[in-house]
Amino acid sequence: MISCRSLSVSFGEKKVLDRFSLSLPDAGITALRGPSGCGKTTLLRVLAGLERPQSGTVSGISPREIAILFQENRLLPWRSVGQHLTDVLPKDRWKDVSRLLELVELGGEASVYPPALSGGMGRRLALARCLSLPARLYLLDEPFAGVDRERAGRIMDRMRALGLPILLSSHEEDILSMADRVIPLDGPPLRVL
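About the criteria used
Residues numbered from 1 in each chain as written. Predicted model: local features only at pLDDT ≥ 70, side-chain atom pairs only at ≥ 80, totals over all residues. Heavy atoms only, no water. Phe/Tyr/Trp six-rings, centres within 6.5 Å; stacked < 30°, edge-to-face > 60°. Lys NZ or Arg CZ within 6 Å of the ring centre and 35° of its normal. UniProt positions renumbered as here; feature names shortened; annotations may be inferred. Helix = DSSP H or I, 4+ residues; strand = E, 2+ residues; numbered from the N terminus. Salt bridge = Lys/Arg side-chain N within 4 Å of Asp/Glu carboxyl O. Buried < 20%, exposed > 50% of the residue type's maximum accessible area, 1.4 Å probe, protein only. Polar contact = N/O pair within 3.5 Å; in protein donor to acceptor, adjacent residues only side chain to side chain. Contact = heavy atoms within 4.5 Å. Pairing = 2+ DSSP bridges. Axes fitted to C-alpha atoms, helices over the stretch in contact; angles between N-to-C directions. Lys, Arg positive; Asp, Glu negative; His and termini not counted. Core = buried A, V, L, I, M, F, W, Y, C linked by side-chain atoms within 4.5 Å. Expected span 1.5 Å × (residues − 1). Arc of directions from axis to C-beta.

A.B. asks: Describe the packing of aromatic side chains, and please don't skip the residues or the numbers.
C.D. replies: Centre-to-centre distance and the angle between the planes together describe a pair of aromatic rings. Following the criterion strictly, the structure yields zero aromatic pairs and no others. Its guanidinium or amino end placed over the ring of Phe-70, Arg-74 lies 3.8 Å from that ring's centre, counting from NZ or CZ.

What follows is the structure, given as structure tokens:
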């Protein structure tokens, strides 16, 4: 079981997390629902080890066992779609590139470069790159921004079939309705409703 206990994070006078606690399931797709600015991204950054809390602990997982998809795609314009995956996959897994691109409905796009992709396609490439990393937990911050509902649903079904534990944040009701469980949040400071 992955759990956060009494996490506190402040930026200046603004308390984003104030003795926040939460336990996460070991499997399935769990969604964090909350308005923009409530603290969802800060929580993901703490879980990933990118933000140090002023107090509190995360147990059951280490940052080295986590892969994170940021809100920004962070694509390299000089690297092709396929190269974005081979850049992070060990050479003996390069054969998985086609399967990963099919998972996010980018099959046949391996030789295309990011400037030629639509916003939704770029988002799906960033998602495929994240999912190509070996991890015990995948943190996805607004993974389907710019992706239509039907396509997002098909991709979520494929991700679920992989059996990977996924924690995603979204404020899109369509995406939230497709998760296995939803944790309603508000803030700041972040709190479970």
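A.B. asks: Could you give an account of the UniProt feature "domain: ABC transporter" (unreviewed entry) in the protein, with specific residues and numbers?
C.D. replies: Residues given the UniProt feature "domain: ABC transporter" (unreviewed entry) here are residues 2-193. The annotated region residues 2-193 carries 27% helix and 28% strand content, and the separation between its end C-alpha atoms amounts to 20 Å.

A.B. asks: Got a sec to walk through the pattern of salt bridges? Specific residues and values, please.
C.D. replies: Under the criterion given, the structure shown has 16 salt bridges. Residue Arg-45 is joined to Glu-51 by a salt bridge in which the shortest nitrogen-to-oxygen separation is 3.8 Å. Take Arg-45: its relative accessible area is 27%, and that puts it in the partly exposed class. In this structure, Arg-160 and Asp-180 form a salt bridge, with 2.8 Å as the shortest nitrogen-oxygen distance. Of the two residues, Arg-160 is situated in helix H5 (residues 149-161) and Asp-180 in the loop between helix H6 (173-176) and strand S8 (181-186); the sequence distance between them amounts to 20 residues. Judged by its relative accessible area of 28%, Arg-160 falls in the partly exposed class. Look at Asp-180 and you get partly exposed, because its relative accessible area is 37%. Beyond isolated ion pairs, a larger network of salt bridges with shared partners links Glu-105, Asp-148, Arg-151, Arg-154 and Arg-158.

A.B. asks: For the side chain of Thr-30, give the residues involved together with the corresponding values.
C.D. replies: Examined against the element boundaries, Thr-30 turns out to sit in strand S3 (residues 29-33). A relative accessible area of 3% means that Thr-30 is categorised as buried. Only 2.9 Å separates the side chain of Thr-30 from the side chain of Arg-181, close enough to count as a polar contact. If sequence neighbours within four positions are ignored, Thr-30 has contacts with Pro-25, Ile-166, Leu-167, Leu-168, Arg-181 and Ile-183.

A.B. asks: Just give me the short version of the sheet that holds strand S4 (residues 55-59), but keep the residues and values in it.
C.D. replies: The pairing of strands in a sheet happens through backbone hydrogen bonds and is either parallel or antiparallel. The three strands are arranged S2-S1-S4 in an open sheet whose pairing can be described as antiparallel. Of all strands in the sheet, those bounded by a partner on one side alone are strand S2 (14-24) and S4. Across the sheet, the mean angle separating the axes of adjacent strands is 20° when strand polarity is ignored. As judged from the seven bridges shared by strand S1 (residues 2-11) and S2, these two strands associate in the antiparallel manner.

A.B. asks: Which residues make up the side chain of Glu-142, and what values do they have?
C.D. replies: Among the structural elements, Glu-142 can be located in the loop between strand S6 (137-141) and H5. For the buried residue Glu-142, which engages in no salt bridge, the nearest side chain bearing the opposite charge is Lys-40, 4.6 Å off. Glu-142 has contacts with Lys-40, Gln-71, Arg-123, Ser-169, Ser-170, His-171 and Glu-172, leaving out every residue within four places of it along the chain.

A.B. asks: Go over the nonpolar core, please, and point to the residues and values.
C.D. replies: Membership of the largest hydrophobic core comes to 36 residues, with the highest contact counts inside it found for Leu-85, Leu-127, Tyr-138, Leu-140, Phe-144, Met-156 and Met-159. In terms of residue count, helix H4 (residues 119-131) provides more of this core than any other element does, seven residues in total. With residues up to four places along the chain from it excluded, the contact list for Leu-85 reads Val-97, Leu-100, Leu-101, Leu-125, Ala-128, Arg-129 and Ser-132. Formed by 23 residues, the second largest nonpolar core is a distinct cluster that contains Cys-38, Ala-48, Ile-61 and Leu-167.

A.B. asks: Describe H5, with residues and values.
C.D. replies: The end-to-end C-alpha distance of H5 is 18 Å, a good match for the 18 Å that 13 residues give at a rise of 1.5 Å each. Those residues of H5 not exposed but buried are Ala-152, Gly-153, Ile-155, Met-156 and Met-159. Seen from one end, H5 has its buried residues packed into an arc of 170°, which puts them on one side. Facing away from the buried side of H5 by over 90 degrees, the exposed positions are Glu-150 and Ala-161. Tucked inside the fold, the buried residues of H5 contact S3, helix H3 (97-103), H4, S6, strand S7 (166-170) and H6. Backbone geometry just downstream of H5 places Gly-163 in the positive-phi region, at approximately 75°.

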